[in-house]
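# What the coordinates show
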Amino acid sequence: MKNKSIVFSVTMHKGCYRHIQINSSSTLYDLHSAILDAFDFDDDHLHVFFMSNRAWDEDNGIYSPYCEEEEHHSNEYKLSDFHFAKGSQFLYIFDFGDDWRFHIKVLRTDDAHTGFPTVIKEVGEAPEQYPDCDDFDDEEDDALTVHKPFVSMDEVVQPLGGQALERAELLNRYATSAINLYGIITQDDFVRIFNEQNDDKTNVDEVFQTLLRFITIENTFYCFYEEYIVHMLFEDNDFEDISALEKQIATKPRFIPTKDEFLKYEDEDYVDNPNYFAKLRKFLENIFGETVSVLNAYDHIKYACAHDFSTNEILALLEEYDLVFEGIEQISLFMNLIAEAQNNCRLWVNKGYTPIELTSLYKQQPVKSRKTGRNEPCPCGSGKKYKKCCGK
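A brief structural summary.

## A word on the overall build of the protein
Of the regular secondary structure elements, the protein holds 12 helices and 10 strands. Here the analysis covers contacts within the protein between residues at least 6 apart in sequence; of these, 62% occur between residues at least 24 apart. If you sum the accessible surface of the protein, you get close to 21,400 Å²; carbon and sulfur atoms cover 46% of it.

Here it is, written out as structure tokens:
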């Protein structure tokens, strides 16, 4: 990790986090200082890093240099010593009395150095380090407890059993199904869908605490971003693509299947219209043979169709697997099959609807608006020009 920098996501609680870029040659003590600066805390207490991500793990604590009775100190370890992989997580605790906890995750490494640790993204207002207690009655001062708006990781990882475990697993299944089908969903919408399909209702607080447990101790395909539950793919681009998807889905209705059908989307490879992709696979195998390259290309193309890749991007995928058509006729047949599959594929940009389904909905419920130009994007959300889609 020499001559590189690392971008960490440092979270205090739901909706309050900072992305910090720091050189890999910096020490854990430098990271400690950067975190306190990012959240506007005074450095007037001891701290500890638990690289195992388990609070008060006796074998993995790296403490403040001022903890002379401890063996390992944060100024003795460079970040490069840990060979961080993307997605690695660890815990930083500051002030052993107030027990401020910061959950740290590696977002990415970067070849560029940064002169000083830099906050490259800031979301949410940090709580006051020493909140003003004047609003409380003097009689209560001796028993005053300052409530911190975050979930203790000790609470998150407590073992579950019986009905509690069964319910937690159901919420996890719903979350996985939702992000596979929609890409992103607000926690409020998630609660609404769950409550419509289950007698035992939930709420945002239960959803957050339960899903945080799975995010922390398991390799989930989802994570939290602001008010959303989002697919982990968005993390690859530092969540920048979420705003674009928000705009695309803003006015569209949401496809919500029955409970049994909804939970089938827990399998990221589930397709409820498999015939269109079966024809596509058979076409490729007839031309190029039943090879590993064809199978891998087919899986990649299925992903591309589900995520609204352009025609040129899909053709480029074939070239990556050394699959090249011999003439325009083969290309034309292939692109017709791609168009058929895409038109019947559930898309994130359509809130789970296929382009054909959404077109049908718009035709059933016409909206008064200006006339769409023939060369403008089709309002059905297919990504095609109006003249080549609903304007035929």
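## Focus: a nonpolar patch on the surface
Taken together, Leu46, Trp56, Tyr66 and Phe96 make up a surface patch of nonpolar side chains, about 400 Å² in accessible area. Looking at the secondary structure, you find Leu46 in the loop between helix 1 (28-38) and strand 3 (47-50).

## Some remarks on the sheet that holds strand 3
The 7 strands are arranged 4-3-5-6-1-2-7 in an open sheet whose pairing can be described as antiparallel. Because the sheet does not close on itself, it has two edges, and the strands there are strand 4 (61-63) and strand 7 (118-123). Each adjacent strand pair in this sheet contributes to an overall mean axis angle of 25°, direction not counted. Pairing geometry for strand 1 (residues 5-13) and strand 2 (residues 16-23), over 8 bridges, is antiparallel. Bridge assignment links Ser9 to a residue of strand 2, and that residue is His19.

## With respect to the pattern of salt bridges
With the rule as written, the count across this model stands at 15 salt bridges. For Asp57, the salt bridge identified is with Arg54, shortest N-O distance 2.8 Å. On the basis of relative accessible area, Asp57 is assigned to the buried category, the value being 11%. The salt bridge partner of Asp99 is Arg101, with a shortest N-O separation of 2.9 Å. Summarising the burial analysis for this pair, Asp99 and Arg101 share the class buried. Taken together, the salt bridges that share partners define one network made up of Arg167, Asp200 and Glu206.

## As for the environment of Asp43
Mapped onto the elements of the fold, Asp43 is located in the loop between helix 1 and strand 3. Considering only alpha carbons, one finds Asp43 and His32, 11 residues apart in sequence, at a separation of 9.1 Å. With sequence-adjacent residues up to four places away left out, Asp43 is seen in contact with Tyr29, His32, Leu36 and Phe94. A distance of 3.0 Å separates a polar atom in the side chain of Asp43 from a polar atom in the side chain of His32.

## Focus: the pairing of strand 2
In terms of burial, strand 2 is largely enclosed, as 8 of its 8 residues are buried. On strand 2, burial covers both faces: Cys16, Arg18, Ile20 and Ile22 on one face and Tyr17, His19, Gln21 and Asn23 on the other are all buried. The pairing of strand 2 with strand 7 spans 5 bridges and is antiparallel. Its bridge partner being in strand 7, His19 is matched across the sheet by Lys121.

## Thoughts on helix 11 (residues 328-343)
For helix 11, which comprises 16 residues, the first-to-last C-alpha distance of 22 Å matches the rise-based estimate of 22 Å (1.5 Å per residue) to within 8%. What helix 11 keeps buried is the set Phe334, Met335, Leu337, Ile338, Ala341, Gln342 and Asn343.

## Some points on the state of the cysteines
Tallying each qualifying case throughout the model produces 0 disulfides. Unpaired in terms of disulfides, Cys345 finds its nearest cysteine sulfur in Cys305, a separation of 6.1 Å. Residue class for Cys345 comes out buried when judged on its relative accessible area of 8%.

## Side note on the side chain of Gln129
Within the secondary structure layout, Gln129 lies in the loop between strand 7 and helix 2 (153-156). Here Gln129 falls in the buried class, since its relative accessible area comes to 7%. A distance of 3.3 Å separates polar atoms of two side chains, one belonging to Gln129 and the other to Asp44.

## Examining the sheet that holds strand 9 (residues 222-225)
Overall, antiparallel pairing links the 3 strands, which are arranged 8-10-9 in an open sheet. In the strand order of this sheet, the two ends are held by strand 8 (184-186) and strand 9, each with one partner. If you compare each strand with its neighbour and ignore which way they point, the axes differ by 25° on average. Bridging between strand 8 and strand 10 (residues 228-231) involves 3 bridges; their strand directions are antiparallel. Note that in strand 10 the partner of Ile185 across the bridge is Ile229. Strand contacts of helix 4 (residues 187-197): strand 8, strand 9 and strand 10, with the helix running at about 85° to strand 8, the strand carrying the most contacts.

## Some thoughts on the layout of surface pockets
The rolling of a water-molecule-sized probe over the atoms marks out the regions of remaining empty space. By volume, the largest pocket amounts to about 780 Å³. In this structure, the largest pocket is lined by 35 residues; those nearest its centre are Asn180, His231, Leu233, Glu268 and His307. The element contributing the most residues to the lining of the largest pocket is helix 9 (residues 292-306), with 4 residues. The residue inventory of the lining of the largest pocket, partitioned by class, reads 14 nonpolar, 9 polar and 12 charged.

## A look at the packing of helix 3 (residues 162-182) against helix 5 (residues 204-217)
Look at helix 3 against helix 5: their axes get within 10 Å of each other, and the N-to-C directions meet at 85°. Of the possible angle classes, the one that applies to helix 3 and helix 5 is roughly perpendicular. For the pair helix 3 and helix 5, contact is made by Arg167, Ala168, Glu169, Leu171, Asn172 and Ala175 and by Glu206, Val207, Thr210, Leu211 and Phe214, respectively. Classifying every residue of the contact of helix 3 with helix 5 gives 6 nonpolar, 2 polar and 3 charged.

Reading the values: rules and limits
- Residues numbered from 1 in each chain as written.
- Predicted model: local features only at pLDDT ≥ 70, side-chain atom pairs only at ≥ 80, totals over all residues.
- Heavy atoms only, no water.
- Helix = DSSP H or I, 4+ residues; strand = E, 2+ residues; numbered from the N terminus.
- Contact = heavy atoms within 4.5 Å.
- Areas by Shrake-Rupley, 256 points an atom, 1.4 Å probe, with all protein chains shown as cover.
- Patch = residues over 30% accessible without salt bridge, like charges linked within 9 Å, V, L, I, M, F, W, Y side chains within 5 Å.
- Salt bridge = Lys/Arg side-chain N within 4 Å of Asp/Glu carboxyl O.
- Pairing = 2+ DSSP bridges.
- Axes fitted to C-alpha atoms, helices over the stretch in contact; angles between N-to-C directions.
- Buried < 20%, exposed > 50% of the residue type's maximum accessible area, 1.4 Å probe, protein only.
- Polar contact = N/O pair within 3.5 Å; in protein donor to acceptor, adjacent residues only side chain to side chain.
- Expected span 1.5 Å × (residues − 1).
- Disulfide = S-S within 2.5 Å.
- 1 Å grid on protein atoms, 1.4 Å probe; cavity = no way out; pocket = protein on both sides within 12 Å on 5 of 7 lines; lining within 4 Å.
- Points joined across faces, edges and corners; volume = space filled by probe spheres on them.
- Nonpolar A, V, L, I, M, F, W, Y, C, P; charged D, E, K, R; others polar.
- Parallel < 35°, antiparallel > 145°, perpendicular 65-115°, else oblique.

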